[in-house]
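# Secondary and tertiary structure notes
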Amino acid sequence: MDPFLNPYAPGAGAPPPELAGRDELLGKASIALRRIASGRFGRSIILTGLRGVGKTVLLNRIRQDAEAAKIITVRIEVPEGRSLPSLLVPGLKSAILKLHRGKAAANLALRGLQALAAFVSAMKVKYSDVEVSLDIEASSSSSITTTLDEGLSELFQIVGAAAKEKETAIVLFIDEIHVLDEKQLASLIMALHVVSQDSLPITMVAAGLPQVPSQMGEAKTYAERLFEFHHIGKLDHDAAIQALVVPVEKLGVRYTKGALEEIIEHTAGYAYFLQEWGKHIWDIAEASPITTENAKDATSEALIDLDASFFRVRFDQLTPMQKRYLRAMAELGSGPHASGQIAAVLNKRVTHLGPVREQLISKGLIYSPSHGETAFTVPLFDSFMKRMMKEF
Ligand SMILES: Nc1ncnc2c1ncn2[C@@H]1O[C@H](COP(=O)(O)OP(=O)(O)OP(=O)(O)O)[C@@H](O)[C@H]1O
Ligand SMILES: [Mg+2]
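Taken as a whole, the largest pocket encloses approximately 730 Å³ of empty space. Contributing to the lining of the largest pocket are 30 residues, with His178, Gln211, Gln215, Ile361 and Ser362 lying nearest its centre. Put simply, the parts of the chain that give the lining of the largest pocket at least two residues each are helix H6 (182-197), helix H7 (212-219) and helix H16 (350-362). Among the residues making up the lining of the largest pocket, the classes are represented as 10 nonpolar, 9 polar and 11 charged.

In structure tokens form, the structure reads like this:
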């Protein structure tokens, strides 16, 4: 069918034509944020899940809903190697400016910006990447402690107090939060804890890989009481069908039952894969209804595409030993697997493989769902490894 009209959106953070299966979570997030904005208690929300399950899309959607409810949002993605202060300062600056629209609020704006200027000059000592032009001097009354722990808490208190005065909330939307190092994560959690104790309306909605809850627990033991963790998984059968069917229905096209079942079997309901299969099948099919045969052709093409891109970019960053470790995991199936079992497949001792496992965790390819267990962060990576490496 006409590729120009192809409705599917395979990509990173690309809004899907139909956001299937997430209504309950969107409802909960909306209630939590509106509670915080109105001065009631609400926990910050953390979305965790494997690669491509739809965390970024959800985060963006919750953010749009928050903005529609007149909440001030700050969007941050954490890249490798950047400090938390350098990531926070530009967004907080525009949040403060938004907070203080209108003449009556000019004084509040000045206080907020002075506090931010004080934070920048305090953090510059340690974090050389902090940069922002504020056109304002830090006043002596708003001096900020130079440790990130204290400094960030003080800044959040000042900015939070201003948000409260304006009867709104500031919500930080942080994507890829697992990339933050433990100390900076601990400072962020502590600052959020301080403002929550004072009932100040600053909170966070974050997304990251499945190791985030344990990273946060290690950074601060009280993290699990401060945050509400939601595991984002694959779509269930009905939601997966909805994700495929609704976008084409609008264009007068339908699927046969067999075609849908073929796609669901191969994608296992993972959001990104559903978009990939959808895109291929639309281009392959010549007319409605889309048939099982079309779906089988789409499976071959989608796998060729994924093997050359989505999976391949991850494979290419690996050393030969890291590849062997992942191949051994794949031998055991989709996982999770006990470290001892993986070592047995490779005929090595668990301790000997410790460093490789750590490297793969820090590259974000595997994680530890529970003590001594290892699992892939990328869905269907086990079958890819088997296709790539017949032997190991
Ligand atoms: N609920 C959904 N229904 C249908 N498609 C979805 C849904 N959520 C996400 N998608 C699609 O899945 C793909 C991946 O989404 P997204 O980038 O948000 O995943 P992610 O979990 O953030 O991945 P990563 O961990 O790699 O950052 C996108 O193409 C998006 O359009
Ligand atoms: Mg993402």
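For the protein, mean pLDDT is 91; residues scoring 70 or higher make up 96% of the total. Ranking the elements of the protein by mean pLDDT puts helix H4 (residues 106-124) last with 82 and helix H9 (residues 237-249) first with 98.

On to the pattern of salt bridges, then. Per the counting criterion, the structure on display carries 8 salt bridges. Of the charged contacts in the structure, one is a salt bridge between glutamate 176 and arginine 51, with a shortest N-O distance of 3.0 Å. On the criterion of sequence distance, the pair formed by glutamate 176 in the loop between strand S3 (170-175) and H6 and arginine 51 in the loop between strand S1 (44-48) and helix H2 (55-68) is long-range, its members being 125 residues apart. For glutamate 176, a relative accessible area of 15% translates into the label buried. By relative accessible area, which is 18% here, arginine 51 ends up buried. Where aspartate 307 meets arginine 387, a salt bridge forms, and the shortest distance between an N and an O atom there is 2.8 Å. Of this pair, aspartate 307 sits in helix H12 (residues 292-308) while arginine 387 sits in helix H17 (residues 381-388); the two residues are 80 residues apart in sequence, bridging distant segments of the chain. By relative accessible area, which is 17% here, aspartate 307 ends up buried.

Position of arginine 357 relative to the elements: it lies in helix H16. The buried charged residue arginine 357 lacks any salt bridge, with glutamate 358 as its nearest oppositely charged partner at 4.2 Å. A distance of 3.3 Å separates polar atoms of two side chains, one belonging to arginine 357 and the other to serine 368. Those residues in contact with arginine 357 that lie beyond four places of it in its chain are Tyr325, Ser339, Ile366, Ser368, Glu373 and Thr374.

Moving on, we come to helix H3 (residues 84-99). Note on helix geometry: an α-helix contains 3.6 residues per turn, so any two residues three or four positions apart are oriented the same way. With 16 residues, H3 extends 22 Å between its outermost C-alpha atoms, agreeing within 8% with the 22 Å of an ideal straight helix rising 1.5 Å per residue. For H3, every residue scored as buried is listed here: Leu84, Pro85, Ser86, Leu87, Leu88, Val89, Gly91, Leu92, Ala95, Ile96 and Leu99.

A few words now on the sheet that holds S3. Within the open sheet, the 5 strands sit side by side as S2-S3-S4-S1-S5. Their pairing is parallel. Only two strands of the sheet have a single neighbouring strand rather than two, namely strand S2 (72-77) and strand S5 (227-231). Averaged over all adjacent pairs, the angle separating strand axes in this sheet is 15°, with direction ignored. Summarising the sheet, S1 and strand S4 (residues 202-208) pair through 4 bridges and their orientation is parallel. Bridging from a neighbouring strand, isoleucine 45 pairs with valine 205 of S4. Taken strand by strand, H3 contacts S2 and S3, and its axis lies near 165° from that of S2. Of the strands in this sheet, S3, S4 and S5 are in contact with H6, which crosses S4 at around 145°.

Cut-offs used in this document
- Residues numbered from 1 in each chain as written.
- Chains lettered and ligands numbered in written order.
- Predicted model: local features only at pLDDT ≥ 70, side-chain atom pairs only at ≥ 80, totals over all residues.
- Heavy atoms only, no water.
- 1 Å grid on protein atoms, 1.4 Å probe; cavity = no way out; pocket = protein on both sides within 12 Å on 5 of 7 lines; lining within 4 Å.
- Points joined across faces, edges and corners; volume = space filled by probe spheres on them.
- Helix = DSSP H or I, 4+ residues; strand = E, 2+ residues; numbered from the N terminus.
- Nonpolar A, V, L, I, M, F, W, Y, C, P; charged D, E, K, R; others polar.
- pLDDT = per-residue confidence, 0-100.
- Salt bridge = Lys/Arg side-chain N within 4 Å of Asp/Glu carboxyl O.
- Buried < 20%, exposed > 50% of the residue type's maximum accessible area, 1.4 Å probe, protein only.
- Lys, Arg positive; Asp, Glu negative; His and termini not counted.
- Polar contact = N/O pair within 3.5 Å; in protein donor to acceptor, adjacent residues only side chain to side chain.
- Contact = heavy atoms within 4.5 Å.
- Expected span 1.5 Å × (residues − 1).
- Pairing = 2+ DSSP bridges.
- Axes fitted to C-alpha atoms, helices over the stretch in contact; angles between N-to-C directions.

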